[in-house]
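Read off the chains here:
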Amino acid sequence: MDIFWIKAIIILVIFGLSLFVAMYSTWAERKVAGYMQDRPGPNRAGWGGLLQPLADAGKMFFKEDFIPAQANKWLFIAGPCLAMLTALLSSAVIPFGDTLRIDGQEIQVQGIEVNIGILWVFGIVSLGVYGVMVGGWASNNKFSLLGAIRAASQNISYELALGLSLIAVIMMTGSLSVRDIVNSQHGGGWNILFQPLGFVIFLTCAFAECNRTPFDLPECEAELIGGYHTEYSSMKLGFYLFAEYVNMFVSSCVVSALYFGGFNYPFMDKVAEALGNDATGHNIATAIGFFAFFAKALFFVFFFMWVRWTLPRFRYDQLMNLGWKSLIPLSILNIIVTGIGLMFNLRWFSWVAVGIIVAVVAIQAATKPKAARGILEAAPVR
Amino acid sequence: MQLTNRAKKIDKSEMTLAERMYLPAIAGGMAITLKHFFKKKPTINYPEQKRYLGPVFRGHHILKKDEAGRERCTACGLCAVACPAEAISMVAAERKAGEENLYREEKYAAVYEINMLRCIFCGFCEEACPKQAIYLRHDQFVPVFMSRDEVIYGKDRLVEDMSSRYLREGWK
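Residues numbered from 1 in each chain as written. Chains lettered and ligands numbered in written order. Predicted model: local features only at pLDDT ≥ 70, side-chain atom pairs only at ≥ 80, totals over all residues. Heavy atoms only, no water.

## Things to note about the overall build of chain B
Counting its secondary structure elements, chain B contains five helices and six strands. Relative to the 2.2 N^0.38 estimate, which gives 16 Å for 172 residues, the radius of gyration of chain B is 28 Å and therefore markedly larger than a compact globule would have. In terms of overall dimensions, chain B has C-alpha extents of about 95 × 40 × 35 Å along its principal axes. The buried share of chain B, reckoned over its 172 residues, is 31%. Put simply, 75% of the contacts in chain B that link residues at least 6 apart link residues at least 24 apart. Looking at chain B as shown, the accessible area adds up to about 11,600 Å², and 55% of this sits on carbon and sulfur atoms. (Helix = DSSP H or I, 4+ residues; strand = E, 2+ residues; numbered from the N terminus. Rg over C-alpha atoms; globule rule 2.2 N^0.38 Å. Buried < 20%, exposed > 50% of the residue type's maximum accessible area, 1.4 Å probe, protein only. Contact = heavy atoms within 4.5 Å. Areas by Shrake-Rupley, 256 points an atom, 1.4 Å probe, with all protein chains shown as cover.)

And the structure:
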């Protein structure tokens with residue numbers, strides 16, 4: 001078979017897979033929400049509610065598709081398309097697995113392998129805000145516009161910290177290719193072990209990038225009615241919501257590739273040895289790696305939901321303070337500490353950054369007397 | 001001013017750095033939600049699973065028969081009089097010879113109707129009944145109706161079925 005066709009099939013599979021995962025994320029979201037609130041969640045459509053996404057899609061398609069009279073019609077349609085497009089594009093460079101051996105050719109389980117892989121992801125993700133922005137603008141609704149502006153400013157401020165926290169990883173790997181980053185974590189040396197602070201910053205920023213709770217300020221019922229998608233109905237709204245779930249899956253994949261070893265798993269060399277070095281054995285080993293990657297990514301999808309149903313939404317100024325005053329300085333600190341570590345060839349050195357923070361916290365807690373902690377006042381309970 | 005003694009001391013002082021990092025609190029909160037994730041759910045899956053409504057629940061009306069299968073109702077009309085919603089109406093008739101196994105007394109209700117749109121399930125009818133003929137079941141709701149001609153419940157829907165008698169003590 002021609003390598004072109006194999007690649008085309010892989011791209012289609014990745015495409016379908018991210019859509020499938022996003023589809024069932026909507027079900028899982030409601031299920032997780034239910035379980036965390038001591039109720040069973042959707043369980044009417046199909047076994048355990050498994051047909052729920054189909055029912056939702058049916059509802060979305062058959063609802064009235066309404067475009068406000070004063071809206072900019074083409075931009076209004078373009079908004080959700082852009083959101084969906086950018087969400088789907090970014091999965092192209094994620095290495096879902098090692099290589100497949102077909103007809104003596106080694107084919108990477110990845111949409112495209114480019115040496116600027118992570119830059120591709122960032123470029124596309126930063127374009128994602130256009131979907132929100134265009135949608136909010138085209139609605140010709142003040143609240144939608146406010147939501148869109150919030151989304152834009154939030155994405156800009158968090159992308160900085162996202163990029164900076166990633167630089168430490170790139171410094172350690174010496175490559176922008178996601179596959180190289182994954183391969184450098186081969187043999188248990190996952191980046192989470194060397195970049196604890198970077199990971200926390202990256203994860204926080206990923207939440208903000210996906211507009212997920214606690215940073216889901218673009219959509220805020222209390223003050224913005226619905227946020228940027230207030231005027232959207234039917235499948236256009238569906239596309240926006242769906243794009244959020246695709247984004248969530250893609251960022252889970254990126255997190256597991258950058259910090260949790262991607263398709264690497266413990267004892268993978270022994271497994272690969274046992275399976276043999278012929279084409280079948282190699283392909284099976286790749287498949288196991290693929291499932292390892294998938295398990296990690298799905299865990300992070302769960303993690304996204306877990307956080308969503310735990311934390312309340314941040315206030316806008318809190319969000320901005322956290323982004324500009326905490327995460328960006330912290331990620332710069334992380335870069336400096338990692339750089340010092342690399343200079344002396346100490347991979348574990350970035351734990352020093354964590355140590356500094358813990359020490360500062362401990363000193364403050366120790367030096368601040370309890371009595372000085374303000375007046376206690378009585379407030380009615382409930 | 002304190003109106004109740006249910007008050008809680010609140011610390012409004014500035015947060016320490018550890019608190020401002022949020023992370024310890026977030027981890028604590030996530031531990032709580034995860035604990036709930038694995039908890040047994042108290043949900044009752046209603047149409048499949050029904051809970052015991054209690055012996056005092058007032059539901060679907062029933063016109064009782066006695067042990068021999070004879071209707072107890074004598075069409076005295078006390079239930080209709082007691083009914084605050086005026087939902088009950090009936091037409092009395094005289095028992096003919098040979099109908100002794102159908103009706104217990106000489107007079108019976110030829111027509112007995114309850115308008116379920118009017119009924120407020122107060123239970124006054126069962127309190128008023130001197131013959132212990134009408135009861136409100138404690139184990140059954142009145143089913144949902146979709147059109148107005150379904151709402152007048154006649155004897156066909158009210159008289160007790162002898163093969164499955166309604167016994168208040170027997171239902172647990």
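## Looking at the packing of aromatic side chains
As enumerated under the stated definition, the model contains 33 aromatic pairs over all chains in all. Residues Phe207(A) and Phe303(A) carry aromatic rings whose centres are separated by 6.2 Å and whose planes lie at 65° to one another, so their mutual orientation is edge-to-face. Of the two residues, Phe207(A) is situated in helix α8 (residues 196-209) and Phe303(A) in helix α12 (residues 279-308); the sequence distance between them amounts to 96 residues. There is no split in this pair, since Phe207(A) and Phe303(A) are both buried. Measuring from ring centre to ring centre gives 5.0 Å for Tyr232(A) and Tyr240(A), while their planes differ by 85°; the resulting arrangement is edge-to-face. Here Lys73(A) stacks its cationic end above the ring of Trp74(A), 5.2 Å away from the centre of that ring. The ring centre of Tyr153(B) lies 4.2 Å from the NZ or CZ of Arg157(B), which sits over that ring. (Phe/Tyr/Trp six-rings, centres within 6.5 Å; stacked < 30°, edge-to-face > 60°. Lys NZ or Arg CZ within 6 Å of the ring centre and 35° of its normal.)

## Focus on the side chain of Asn155(A)
All names here are of chain A. As for its position among the elements, Asn 155 is in helix α5 (residues 142-173). Overall, the relative accessible area of 4% leaves Asn 155 in the buried class. Filtering out sequence-adjacent residues up to four positions away, Asn 155 remains in contact with Val 129, Ala 208, Glu 209 and Asn 211.

## A look at the sheet that holds strand β6 (residues 152-153) of chain B
Residue and element names in this part refer to chain B. Strand order in the open sheet formed by three strands is β3-β4-β6, with antiparallel pairing between adjacent strands. The sheet terminates laterally at β3 (88-94) and β6, the two strands that pair on one side only. Note: β3 against strand β4 (residues 107-115), seven bridges, orientation antiparallel. The residue of β4 that forms the bridge with Ile 88 is Ile 114. (Pairing = 2+ DSSP bridges.)

## Here we look at α8(A)
All names here are of chain A. With 14 residues, α8 extends 20 Å between its outermost C-alpha atoms, agreeing within 8% with the 20 Å of an ideal straight helix rising 1.5 Å per residue. In terms of burial, α8 is a largely internal element, 13 of the 14 residues being buried. Looking one or two places after α8, you find Asn 211, whose phi comes out positive at around 55°. (Expected span 1.5 Å × (residues − 1).)

## What to know about the interface of chain B and chain A
Taken together, the 33 residues of chain B in the interface contact 32 residues of chain A. Between chain B and chain A the total buried area reaches about 2,800 Å² when both faces are included, carbon and sulfur atoms providing 64% of it. Counting every contact that joins chain B to chain A gives one salt bridge. Taken together, the links from chain B to chain A amount to six residue pairs in polar contact (both at pLDDT 80 or more). It is helix α2 (residues 23-37) of chain B that contributes the most residues to the side of chain B that touches chain A, eight residues altogether. Per-class residue counts for the side of chain B that touches chain A are 14 nonpolar, eight polar and eleven charged. (Buried area = accessible area lost by both parts, 1.4 Å probe. Salt bridge = Lys/Arg side-chain N within 4 Å of Asp/Glu carboxyl O. Polar contact = N/O pair within 3.5 Å; in protein donor to acceptor, adjacent residues only side chain to side chain. Nonpolar A, V, L, I, M, F, W, Y, C, P; charged D, E, K, R; others polar.)

## What to know about the UniProt feature "binding site: [4Fe-4S] cluster 2" (unreviewed entry) in chain B
All names here are of chain B. UniProt's entry tags Cys 83, Cys 119, Cys 122 and Cys 125 with the feature "binding site: [4Fe-4S] cluster 2" (unreviewed entry), counted in the numbering of this structure. Considering the C-alpha atoms alone, the annotated residues occupy 43 residues of sequence yet fold into one spot, their largest mutual distance being 10.4 Å. Relative to the elements of secondary structure, Cys 119 occurs in the loop between β4 and α4 (124-128). A relative accessible area of 14% means that Cys 119 is categorised as buried. Setting aside anything within four residues of it in sequence, one finds Cys 122 in contact with Arg 58 and Pro 84. (UniProt positions renumbered as here; feature names shortened; annotations may be inferred.)

## A look at the state of the cysteines
Residue and element names in this part refer to chain B. What the rule picks out here adds up to zero disulfides over all chains. Left without a disulfide partner, Cys 73 is nearest to the cysteine sulfur of Cys 79, which lies 6.3 Å away. Looking at Cys 73, the relative accessible area reads 11%, which means it is buried. We note that Cys 125 lacks a disulfide partner, and the nearest cysteine sulfur, in Cys 122, lies 6.2 Å from it. (Disulfide = S-S within 2.5 Å.)

## Considering the confidence of the model for chain B
Detailed conclusions should not be drawn from predicted coordinates in areas where pLDDT is low. Of all residues in chain B, 95% attain a pLDDT of 70 or more, and the chain-wide mean is 85. The complex prediction reports pTM at 0.79, with the ipTM value standing at 0.77. (pLDDT = per-residue confidence, 0-100.)

## Some points on the UniProt feature "binding site: [4Fe-4S] cluster 1" (unreviewed entry) in chain B
All names here are of chain B. According to UniProt, the feature "binding site: [4Fe-4S] cluster 1" (unreviewed entry) maps to Cys 73, Cys 76, Cys 79 and Cys 129 in the numbering used here. In sequence the annotated residues extend across 57 residues, while in space they remain close, none of their C-alpha pairs exceeding 10.4 Å. For Cys 73, the location among the structural elements is in the loop between β2 (61-63) and α3 (78-82). Apart from the residues within four sequence positions on either side, Cys 73 is in contact with Lys 107, Tyr 108, Ala 109, Tyr 112 and Ala 133. Relative to the helices and strands, Cys 76 is located in the loop between β2 and α3. Relative accessible area serves as the criterion here: at 41%, Cys 76 is assigned to the partly exposed category. With residues near it in sequence (within four places) discarded, Cys 76 still touches Lys 107 and Pro 130.

## Focus on the packing of helix α1 (residues 3-36) of chain A against helix α2 (residues 52-62) of chain A
All names here are of chain A. For the pair α1 and α2, interaxial distance at closest approach is 8 Å and the crossing angle is 105°. With respect to their mutual orientation, α1 and α2 come out roughly perpendicular. Counting all contacts with α1, which are made through Met 23, Tyr 24, Thr 26, Trp 27 and Arg 30, the residues of α2 involved are Gln 52, Pro 53 and Asp 56. Of the residues contributing to the contact of α1 with α2, the split by class is four nonpolar, two polar and two charged. (Axes fitted to C-alpha atoms, helices over the stretch in contact; angles between N-to-C directions. Parallel < 35°, antiparallel > 145°, perpendicular 65-115°, else oblique.)

## Comments concerning unusual backbone geometry
Residues and elements named next belong to chain A. Backbone geometry places Asp 38, a non-glycine residue, at a positive phi of 60°. Relative to the helices and strands, Asp 38 is located in the loop between α1 and α2. Positive phi values are uncommon outside glycine, yet Asn 140 reaches one of about 60°. Secondary-structure assignment places Asn 140 in the loop between α4 (117-138) and α5.

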